[in-house]
Amino acid sequence: MARGSFPPLALAYHGVAEVPLVQDPDALFVAPADLRRQIARLREWGYRLVSFGDLAGEVSGGGGSGSAALTFDDGLVDNLETLAPILAELGVPATVFVVSGWLGRPHPAATWTRIMTAEELRALRAAGIEIGAHSVTHPDLSALPYERAREELASAKRQLEAVLEEPVEVAAYPFGRATEETARACRDAGFRAACVATGRGDWADPYLLPRQDMENGSTLLGLRLKRAGRYEPLMRFAPARAARRLARRATAALR
Ligand SMILES: [Zn+2]
């Protein structure tokens, strides 16, 4: 495939910090050095790095090829302290999806760190990072009735707009999960685009745009597969793949 001609790509991160996997059971943190390597690799592959809002805009206009967006969920304080300086140094845009009801509080899955305060969130925005909504209380919106899902999304939008004093136009669903009904609730809450995760979603639906998960320990090989949308299918059929590999090895040993 020619340079810059890959399909659109959105990557879903959380925190940026050096955290051993034993202290990070949900694999929420990427080491700064790994993030730098991943950005370098995306650029080698010819991707143009854009905010999620810009990517959604390009895709809705029939474009998006060769564009990639880095996104970070929840609003961890390291996004301001560690991520923003790296992005500024490298000239890379990004989008942070913030849980509006968690501002200033410890992260439930990583209580040794916390979510940004309102003031810190304004500083992150001033550093050029796009801010999106990620609900008020981080429920699985796909399990909520339409009215409650819409309320979670609409309230998060209002609360973040009050902090930032500007429109908040994009959203990410907690746990990357949404149904058609969640997508409708998001549209009705006033957003123009939103994303799921874990290989779900569809580039043809602005409220169900796909993202690939980037976790603590994610490899460059994994990134290569995510680029082609092949990572999730391969992981899903890992037993079949292992069996094929064993069969190949056995065949090779016979030659
Ligand atoms: Zn989240």
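As shown above, the structure is provided for reference.
Novice: Even after reading the chapter, I still don't get the nonpolar core, so can you show me in this structure?
Specialist: Most often, soluble globular proteins have nonpolar side chains that are buried together. In this structure, Leu42, Leu70, Phe72, Tyr173 and Phe191 are the most contacted members of the largest nonpolar core, which totals 56 residues. Element by element, the count of residues in this core is highest for helix H5 (residues 146–164), at eight residues. Leave out the neighbours within four places in its chain, and Leu42 touches Leu9, Leu11, Tyr47, Leu49, Leu70 and Leu223. By size, the runner-up hydrophobic cluster in this structure holds 13 residues, among which are Phe52, Leu55, Val59 and Leu209.

Novice: Even after reading the chapter, I still don't get the environment of Asp24, so can you show me in this structure?
Specialist: Position of Asp24 among the secondary structure elements: in the loop between strand E2 (15–16) and strand E3 (29–30). In this structure Asp24 comes out as buried when scored by relative accessible area, which is 3%. The sequence separation of Asp24 and Asn216 amounts to 192 residues, and the corresponding C-alpha distance is 7.9 Å. In this structure Asp24 touches Val19, Phe29 and Asn216, once residues within four positions along its chain are discounted.

Novice: What's the story with unusual backbone geometry in this structure? I'm lost.
Specialist: What is expected of a backbone is that most residues other than glycine have negative phi and most peptide bonds are trans. For Ala27, which is not glycine, the phi dihedral falls at a positive 55 degrees. Counting through the fold element by element, Ala27 comes out in the loop between E2 and E3. Overall, the relative accessible area of 11% leaves Ala27 in the buried class.

Novice: Looking at this structure, how should I read the pairing of strand E9 (residues 130–133)?
Specialist: Covered by surrounding structure in E9 are Glu130 and Gly132 together with Ile131 and Ala133, the residues of both alternating faces. Two strands pair when backbone bridges link them, and strand E6 (residues 95–98) and E9 are joined in this way by four bridges, in the parallel orientation. Its bridge partner lying in E9, Val98 is registered against Ala133.

Conventions adopted
Residues numbered from 1 in each chain as written. Predicted model: local features only at pLDDT ≥ 70, side-chain atom pairs only at ≥ 80, totals over all residues. Heavy atoms only, no water. Core = buried A, V, L, I, M, F, W, Y, C linked by side-chain atoms within 4.5 Å. Buried < 20%, exposed > 50% of the residue type's maximum accessible area, 1.4 Å probe, protein only. Helix = DSSP H or I, 4+ residues; strand = E, 2+ residues; numbered from the N terminus. Contact = heavy atoms within 4.5 Å. Pairing = 2+ DSSP bridges.

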